[in-house]
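# Understanding the architecture of this molecule
Below are the chains, spelled out letter by letter.
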Amino acid sequence: MFTGIITAVGRIAEARDLGTSGAHGKQLALQVAPGYLADVGLGDSIAVNGACMTVTALDAAAGRFCIDISGESLARTAGLDRAGPVNLEKALRAHDRLGGHLVSGHVDGVGTVTHFAPVGESWALRVLAPAELGKYLAYKGSITVNGVSLTVNRVADSAQGCEVSINLIPHTVQNTALHTLAAGARVNLEIDLIARYVERMLPAPG
C-alpha cells in the first residue's frame, strides 16, 4: 500500500528489452538521489509513476535499483518504457502518517492531459480519463495521477471520457515529476480504493 505522497523524483536511466516481441517486458534501471535506498532491500515494493513494482537488483551506494516490468503492465501504463523522470514512493509502513489517501499501486487506466498551465501561484491540470472510470470520480474526491494523490475540483463527462480538473500547489509541482507534463501527455490513473468497494456493495443481493 501507498499514500500518493511522493518521496523522491528518480529517473529511468535505462530500459532494456527482456525479449524480442511485444509480449515481453523490460528491465528498468532507475537512478535516485544518494541515501534514498538506505532502507530498501531486494523484493521491496516501490511505486514508480503510480505502478507498484518490485526491486529486483539494488546498488544502494550508487543510488541505483532495477525492476522488471511485464509486457502486460507496459500495455496498461504510460511512461514506463523509456528513459525519463518518474515519481517514486516506498511502500507504506504500519506506523507511517497517511498524508494522502489509500493507494494500491494498481493503475486503473491511462488518461491524457488536456490542459496544464499556471493560474496565479498554482497550476491548473485537466486530465481526460477513460469513460469507464468516470463513475468513480467525484467532486472533492481523490485520484492518483502518476502516483501523486490529488483532489478533484471538477468533473465533466462527455462522449470522449471524463475530464477532471485539479489544482496543483507550487510545492507539488516543484517536488514531483508532474512539472514535466504538457497537453497530450499520457498519465497513469488510479481511482479511490473505497469507490471500488462501494460499487461492489451496491448491487450485492441482500
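The structure displayed is predicted, hence computed values, not measured ones.

### Notes on the pairing of strand β9 (residues 142–145)
The sheet contact formed by β9 and strand β10 (residues 148–158) spans four bridges and is antiparallel. If you follow V145 over to β10, its bridge partner there is V148. Between β9 and β10, which pair antiparallel one after the other, the connecting turn spans two residues, and N146 there sits at a positive phi close to 50°. By the bridge criterion, three bridges tie β9 to strand β12 (residues 186–191) in an arrangement that is antiparallel. Bridging from a neighbouring strand, V145 pairs with L189 of β12.

### Regarding the nonpolar core
In terms of nonpolar packing, the biggest core is built from 25 residues, with L125, I143, V145, L150, V164, I166 and L168 touching the most fellow members. Those elements that place two or more of their residues in this core are β7 (109–119), β8 (122–129), β9, β10, β11 (161–168) and β12. Tallying contributions element by element places β11 first for this core, with four residues. For V164, the residues in contact, after removing those within four places along its chain, are L125, R126, V127, L137, I143, V152, R154 and V155. In this structure, Y36, V40, I46 and L74 belong to the second largest nonpolar core, which totals 20 residues.

### Quick look at the pairing of β7
In terms of strand pairing, β7 meets β12 through four bridges, oriented antiparallel. Bridge pairing in β12 places G111 opposite V187. Relative to β8, β7 runs antiparallel, the two being bridged by seven bridges. Across the sheet, the residue bridging to A117 is A124, located in β8. Between β7 and β8, which pair antiparallel in sequence order, lie two residues; one of them, G120, sits at a positive phi of approximately 65°.

### A look at the sheet that holds β12
If you trace the six strands once around the closed barrel, you get β7-β8-β11-β10-β9-β12, paired in antiparallel fashion. Adjacent strand axes in the sheet meet at a mean angle of 45° when their direction is disregarded.

### A closer look at the layout of surface pockets
Roughly 420 Å³ of internal volume is contained in the largest pocket. Lining the largest pocket we find 21 residues, and of these N49, A78, G79, R82 and R186 sit closest to its centre. With four residues, the single largest contributor to the lining of the largest pocket is strand β6 (residues 84–90).

### So, unusual backbone geometry
Peptide bonds are mostly trans, and most non-glycine residues show a negative phi. Positive phi values are uncommon outside glycine, yet K140 reaches one of about 70°. Here K140 shows up in the loop between β8 and β9. Notably, N146 is not glycine yet its phi reads approximately 50°, a positive angle. By the secondary structure assignment, N146 is in the loop between β9 and β10. Since its relative accessible area comes to 7%, N146 is described here as buried.

### Considerations on the side chain of N188
Take N188: it is sitting in strand β12. Taking relative accessible area as the criterion, N188 reaches 1% and is therefore assigned buried. A polar atom in the side chain of N188 sits 3.0 Å from the backbone oxygen of N49. Not counting chain neighbours up to four residues away, the residues in contact with N188 comprise N49, T77, A78, V107, G109, V110, T144, V145 and N146.

### Re the pattern of salt bridges
Tallied over the full model, the rule gives 10 salt bridges. Where K90 meets D39, a salt bridge forms, and the shortest distance between an N and an O atom there is 2.7 Å. Here the residue K90 occupies a position in strand β6, and D39 occupies one in the loop between β2 (26–31) and β3 (45–48), the gap between them amounting to 51 residues. Take D39: its relative accessible area is 46%, and that puts it in the partly exposed class. Residue R126 is joined to E163 by a salt bridge in which the shortest nitrogen-to-oxygen separation is 3.9 Å. Separated by 37 residues along the polypeptide, R126 in strand β8 and E163 in strand β11 bring together distant segments of the chain. When its relative accessible area of 27% is taken as the criterion, R126 is described as partly exposed.

The rules we used
- Residues numbered from 1 in each chain as written.
- Predicted model: local features only at pLDDT ≥ 70, side-chain atom pairs only at ≥ 80, totals over all residues.
- Heavy atoms only, no water.
- Pairing = 2+ DSSP bridges.
- Helix = DSSP H or I, 4+ residues; strand = E, 2+ residues; numbered from the N terminus.
- Core = buried A, V, L, I, M, F, W, Y, C linked by side-chain atoms within 4.5 Å.
- Buried < 20%, exposed > 50% of the residue type's maximum accessible area, 1.4 Å probe, protein only.
- Contact = heavy atoms within 4.5 Å.
- Axes fitted to C-alpha atoms, helices over the stretch in contact; angles between N-to-C directions.
- 1 Å grid on protein atoms, 1.4 Å probe; cavity = no way out; pocket = protein on both sides within 12 Å on 5 of 7 lines; lining within 4 Å.
- Points joined across faces, edges and corners; volume = space filled by probe spheres on them.
- Polar contact = N/O pair within 3.5 Å; in protein donor to acceptor, adjacent residues only side chain to side chain.
- Salt bridge = Lys/Arg side-chain N within 4 Å of Asp/Glu carboxyl O.

That's the geometry; what it means functionally is another story.
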